[in-house]
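So you can see what is in the structure, the chains are spelled out below.
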Amino acid sequence: MYAAAGTVCLYRGASRCGGGGGVVGGVVAGLASVLKTGGAQVRSCGAKSDGLRYACYRLPHRTLLRLEGADTGPFLQGLITNDMLLLGERGAMYSHMLNVQGRTLFDVILYSLKEAEAGSGVLLECDAAVKDSILRHLTVYKIRRKVTITPREDLSLWAVLPRQTYAGGERTKLELSSPEKAIVWEDDPRTKAMGWRLVLDSQVDPSDIIDHGQQGDTEEYHRHRYAIGLPEGVKDLPPGVALPLESNLVYMQGISFSKGCYIGQELTARTHHTGVVRKRLMPVRLSVPLERLDEGPSLHTQSGKPAGKHRAGIGELGLSLIRMVHAKKVLKLQSSEDTAVTLEASVPDWWPDDSKDK
């Protein structure tokens, strides 16, 4: 584990992070926060600085909608890639909403509410930048169904990540000191490497319910995501462009191939049953940090063959859609600053074992 001033390195294994050496990526190995002057600024969440075990990140780039009513389950069942029948037993579920061509419109996380809160409703987490678009999308298909959709700007969304190393990547669920104050407290359904999701009333501070924690800079959360190769939101998954299987939706437990029909199912199911996904979204490390990039710059091999497209990132970390045949090669892209940049992809440790030798 390696950390330089202003940099947080989160994982060991597949991807590099930081201002030099050190290797990060993979299954949860801990979260190293920079606490020295000039590093990331964090605020204590109810614990002394020498006993901090968890980092709490507020996620202002995500927003929450509440859907409730007798038809909520069947309504969402026809719109999302995952199976609503599984939400009750899981507590939280990742999914995409697709267009009729089978391309991703929105990445969402659905939460089953506590019995006292629930009725027949769920909370839906989505990218805040597309809140109006997803509201329009839901309204178009609602027709006469008994479903009420309400933005919940009175709630705050947090990601909680462990700071310490767990043998074999295993960790037990953090016990909250005041669980009744948490509206949602669930494992992140995409991968254990993303810790937990917490929803609170916006007036409640996580220090009220999380012992031995600290509040961190949201930029550290994004560096963490990019280091392990996990996409989130419209920058990583551009609406109408991204394909769900190329975006590793299967690896993030975000799709059911046994449920009934939903919008965009045909192309997705056909691609799945062929067993061939030729491109995948992968974590990359650039040779130099870039502040500005053209939208979706092309990647090439050193010999000039097309190798994919770069999606998004922060500093030297990012996500690229890469042709798997070129995934083990050093690739290059041309930045908007007219600088030639090389990058290397890595296979995340949280991907299934049978995907890592492809």
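Residues numbered from 1 in each chain as written. Predicted model: local features only at pLDDT ≥ 70, side-chain atom pairs only at ≥ 80, totals over all residues. Heavy atoms only, no water.

A word on the layout of surface pockets
Considered as a void within the structure, the largest pocket measures approximately 1,000 Å³ in volume. In terms of lining, the largest pocket is formed by 44 residues, of which the most central are Lys235, Asp236, Arg311, Ala312 and Gly313. If you list the elements that add at least two residues to the lining of the largest pocket, you get α5 (218-228), β14 (279-286), β15 (298-301), β16 (306-314) and β17 (317-323). It is β16 that contributes the most residues to the lining of the largest pocket, 9 residues altogether. Looking at the lining of the largest pocket residue by residue, the classes come out as 20 nonpolar, 9 polar and 15 charged. (1 Å grid on protein atoms, 1.4 Å probe; cavity = no way out; pocket = protein on both sides within 12 Å on 5 of 7 lines; lining within 4 Å. Points joined across faces, edges and corners; volume = space filled by probe spheres on them. Helix = DSSP H or I, 4+ residues; strand = E, 2+ residues; numbered from the N terminus. Nonpolar A, V, L, I, M, F, W, Y, C, P; charged D, E, K, R; others polar.)

Some points on the pattern of salt bridges
Taken as a whole and judged by the stated rule, the model has 14 salt bridges. Here Arg190 makes a salt bridge to Glu232, at a shortest N to O gap of 2.8 Å. Of the two residues, Arg190 sits in the loop between β11 (182-187) and β12 (196-201) while Glu232 sits in the loop between α5 and α6 (265-274), which places them 42 residues apart along the sequence. Note on Arg190: relative accessible area 0%, which makes it buried. In this structure, Glu232 engages Arg225 in a salt bridge whose closest nitrogen and oxygen atoms are separated by 3.9 Å. (Salt bridge = Lys/Arg side-chain N within 4 Å of Asp/Glu carboxyl O. Buried < 20%, exposed > 50% of the residue type's maximum accessible area, 1.4 Å probe, protein only.)

Concerning the environment of Ala242
Secondary-structure assignment places Ala242 in the loop between α5 and α6. Through-space distance from the C-alpha of Ala242 to that of Leu321 is 9.3 Å; in sequence the pair is 79 residues apart. If we ignore the near neighbours within four places in the chain, the residues touching Ala242 are Arg103, Thr104, Leu237, Ser247 and Arg311. (Contact = heavy atoms within 4.5 Å.)

Remarks on the sheet that holds strand β19 (residues 340-345)
If you trace the 6 strands once around the closed barrel, you get β14-β17-β16-β15-β18-β19, paired in antiparallel fashion. Neighbour-to-neighbour, the strand axes of this sheet turn through a mean angle of 40 degrees, independent of strand direction. Pairing of β15 with β16, which is carried by 3 bridges, proceeds in the antiparallel orientation. Note that in β16 the partner of Ser298 across the bridge is Lys309. Against the sheet, α5 makes contact with β14, β16 and β17, and its axis sits at roughly 160 degrees relative to β16, the strand it touches most. (Pairing = 2+ DSSP bridges. Axes fitted to C-alpha atoms, helices over the stretch in contact; angles between N-to-C directions.)

Quick look at the nonpolar core
Residues Tyr111, Leu123, Val199 and Ile322 are the most contacted members of the largest nonpolar core, which totals 55 residues. Phe106, Leu135, Val147 and Ile263 belong to the second largest nonpolar core, which has 24 residues in total. (Core = buried A, V, L, I, M, F, W, Y, C linked by side-chain atoms within 4.5 Å.)

Looking at the confidence of the model for the protein chain
Looking at the protein chain as a whole, its pLDDT mean stands at 83, while 79% of the residues score no less than 70. Within the protein chain, the lowest mean pLDDT, 32, falls on strand β2 (residues 23-24), and the highest, 98, falls on strand β6 (residues 92-98). Low pLDDT, under 50, characterises residues 1-44; the predicted model gives this stretch 144 contacts beyond four residues in sequence or across chains. In this model, residues 46-50 is a region of pLDDT below 50 whose contacts with residues beyond four sequence positions or in other chains number 7 contacts. (pLDDT = per-residue confidence, 0-100.)

Here we look at α5
For α5, the tally of buried residues reaches 10 of 11 residues, placing the bulk of the element in the interior. Every buried residue belonging to α5 is among Thr218, Glu220, Tyr221, His222, Arg223, His224, Arg225, Tyr226, Ala227 and Ile228, and all of these are buried. Capping the start of α5 is the job of one residue whose side-chain oxygen sits 2.9 Å from the backbone nitrogen of Glu219: Asp217. Count one or two residues on from α5 and you reach Gly229, which has phi positive near 80 degrees. (Polar contact = N/O pair within 3.5 Å; in protein donor to acceptor, adjacent residues only side chain to side chain.)

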